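Descriptive structure summary
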Amino acid sequence: MAATVGPESIWLWIGTIGMTLGTLYFVGRGRGVRDQKMQEFYIITIFITTIAAAMYFAMATGFGVTEVMVGDEALTVYWARYADWLFTTPLLLLDLALLAGANRNTIATLIGLDIFMIGTGAIAAFASTTGTRIAWWAISTGALLTLLYVLVGTLSENARSQSPEVASLFGRLRNLVILLWLLYPVIWILGTEGTFGILPLYWETAAFMVLDLSAKVGFGVILLQSRSVLERVATPT
Ligand code: RET
């Protein structure tokens, strides 16, 4: 069904510009980097903001939006968010896991949980009754909590065996992720997707834009700020 972009497009354009500037900044900074391990962090982080810039552009121009019928009400759903998150959240976790020096099993567990979380979140967004939407939201939130448990447990343990500088950078980024990621399901359920109509689409779009910019560009700026720290990251075993 056709859907058009409303006044919330201002936030989507700010998101597009923010993600583009973030990408250009990381590309500019990464150009002179010769260290292979550090290049890895740059490549991953540049993909994160590039994908987000493209999906924000898709949403701002009306491609990334559709309508879903819930009962007899038409709901505007920006599906491009889920396409963005499906690829960018695993990449964010990969950045964190490489920093912590996690092994392949831990990385696979984290990424598996994450894809499950975004997949079930997308089903929640397209489900056609309030009851099933909330049920899928709860399943997705369960995956998020499990994922954060792995971040606080195994991954933090891995990070402790790195140098103190790397461990401290990991700690800062991990706390940022815990704080910001927990807000996504809250905005979703309060917003139009939750169908309770507490947060209108305009403000929901603004909130997701601020969260996305902080979780991607903010995260990347903190991660890539210190060459001397990233050079010390040990290779996973
Ligand atoms: C949804 C809805 C269903 C419940 C949960 C969600 C979680 C989303 C998260 C998204 C994180 C996005 C990031 C983007 C980067 O810019 C899908 C909203 C739990 C955690 C970090």
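Source: prediction; values computed, not measured.

Quick notes on the rules
Residues numbered from 1 in each chain as written. Predicted model: local features only at pLDDT ≥ 70, side-chain atom pairs only at ≥ 80, totals over all residues. Heavy atoms only, no water. Helix = DSSP H or I, 4+ residues; strand = E, 2+ residues; numbered from the N terminus. Rg over C-alpha atoms; globule rule 2.2 N^0.38 Å. Buried < 20%, exposed > 50% of the residue type's maximum accessible area, 1.4 Å probe, protein only. Contact = heavy atoms within 4.5 Å. Areas by Shrake-Rupley, 256 points an atom, 1.4 Å probe, with all protein chains shown as cover. Lys, Arg positive; Asp, Glu negative; His and termini not counted. Charge placed at Lys NZ, Arg CZ, Asp CG, Glu CD. pLDDT = per-residue confidence, 0-100. Near = heavy atom within 4 Å. Polar contact = N/O pair within 3.5 Å; in protein donor to acceptor, adjacent residues only side chain to side chain. Nonpolar A, V, L, I, M, F, W, Y, C, P; charged D, E, K, R; others polar. Phe/Tyr/Trp six-rings, centres within 6.5 Å; stacked < 30°, edge-to-face > 60°. Core = buried A, V, L, I, M, F, W, Y, C linked by side-chain atoms within 4.5 Å. Pairing = 2+ DSSP bridges. Axes fitted to C-alpha atoms, helices over the stretch in contact; angles between N-to-C directions. Parallel < 35°, antiparallel > 145°, perpendicular 65-115°, else oblique. Salt bridge = Lys/Arg side-chain N within 4 Å of Asp/Glu carboxyl O.

What follows concerns the overall build of the protein. Scanning the protein from N- to C-terminus turns up eight helices and two strands. The helix and strand sequence of the protein, counted from the amino end, reads α-α-β-β-α-α-α-α-α-α. Its C-alpha atoms give the protein a radius of gyration of 18 Å, near enough to 18 Å, the size a compact globule of 237 residues would have. Overall, the C-alpha framework of the protein stretches about 55 × 35 × 25 Å when taken along its three principal axes. With 237 residues in all, the protein has 50% of them scored as buried. Once local pairs closer than 6 in sequence are excluded, the contacts in the protein between residues at least 24 apart make up 77%. Roughly 10,700 Å² of accessible area belongs to the protein as shown, and the carbon and sulfur atoms make up 68% of that amount. Across the protein, 13 positive and 15 negative side-chain charges occur, with their mean positions spaced 13 Å apart.

We now examine the confidence of the model for the protein. For the protein, per-residue confidence averages 95 on the pLDDT scale, and 97% of positions sit at 70 or higher. Model confidence for the complex is summarised by a pTM of 0.96, with the ipTM given as 0.98.

Turning to the site of the ligand, a few remarks are in order. With respect to spatial proximity, 16 residues lie near the ligand, and among them Ser-140, Trp-181, Tyr-184, Asp-212 and Lys-216 are the closest. Between the ligand and the protein, one listed contact pairs an oxygen atom with a side-chain N or O atom of Asp-212 at 3.3 Å. A distance of 2.4 Å is found between an oxygen atom of the ligand and a side-chain nitrogen or oxygen belonging to Lys-216. When the ligand is considered free in solution it has 540 Å² of accessible area, and contact with the protein chains removes 100% of it. In terms of residue class, the shell around the ligand is made up of ten nonpolar, four polar and two charged.

What follows is about the packing of aromatic side chains. Two measures describe an aromatic ring pair: the distance that separates the ring centres and the angle between the ring planes. This structure, assessed with the given rule, holds ten aromatic pairs. A ring pair is formed by Trp-85 and Phe-208, whose centres lie 5.5 Å apart and whose planes are at 65°; its orientation type is edge-to-face. Within this pair, whereas Trp-85 is found in helix α3 (residues 80-100), its partner Phe-208 is found in helix α7 (residues 201-224), the two being separated by 123 residues in sequence. Across this residue pair, the class does not change: Trp-85 and Phe-208 are buried.

In this structure, Leu-99, Leu-151, Leu-155, Trp-181 and Leu-230 are the most contacted members of the largest nonpolar core, which totals 75 residues. In this structure, Leu-99 is in contact with Phe-41, Gln-162, Val-166, Leu-169, Phe-170, Leu-173, Leu-223, Leu-230 and Val-233, ignoring residues within four places of it in sequence.

Checked against the element boundaries, Gly-15 lands in helix α1 (residues 9-30). Sequence separation between Gly-15 and Asp-212 is 197 residues; the distance between their C-alpha atoms is 8.1 Å. Discounting chain neighbours no more than four positions away, the residues touching Gly-15 are Tyr-56, Met-209 and Leu-213.

Another aspect to go through is the pairing of strand β2 (residues 73-77). Successive residues of a regular strand alternate their side chains across the two faces of the sheet. When strand β1 (residues 66-70) meets β2, the two strands line up antiparallel, connected through five bridges. Bridging across to β2, Glu-67 finds its partner in Thr-76. Hairpin connection between β1 and β2: a loop of two residues separates the two successive antiparallel strands, and Gly-71 in this loop has a positive phi of roughly 65°.

Attention now goes to the packing of helix α5 (residues 130-160) against helix α6 (residues 164-190). When two helices pack together, their arrangement is given by the angle between their axes and by how far apart the axes lie. Two elements in contact, α5 and α6, have axes whose closest approach is 11 Å; the angle formed by their N-to-C orientations is 175°. One element, α5, and the other, α6, form an angle in the roughly antiparallel class. Considered class by class, the residues forming the contact of α5 with α6 number 19 nonpolar, two polar and two charged.

Checked against the element boundaries, Gln-225 lands in the loop between α7 and α8 (227-230). The partly exposed category is assigned to Gln-225, whose relative accessible area is 39%. Measuring from C-alpha to C-alpha, the distance between Gln-225 and Phe-41 comes to 11 Å, with 184 residues separating the pair along the chain. In this view, Gln-225 contacts Arg-29, Leu-169 and Arg-172; residues no more than four positions away in its chain are not counted.

Note on pairing: side chains with opposite charge can pair once their charged atoms come close. In the structure shown here, the tally under the stated rule is two salt bridges. For Glu-165, the salt bridge is made with Arg-232, and the minimal N-O distance between the two is 3.0 Å. Taken together, the positions of Glu-165 in helix α6 and Arg-232 in the segment after α8 put the pair 67 residues apart, joining distant regions of the chain. Overall, the relative accessible area of 35% leaves Glu-165 in the partly exposed class. Taking relative accessible area as the criterion, Arg-232 reaches 41% and is therefore assigned partly exposed.

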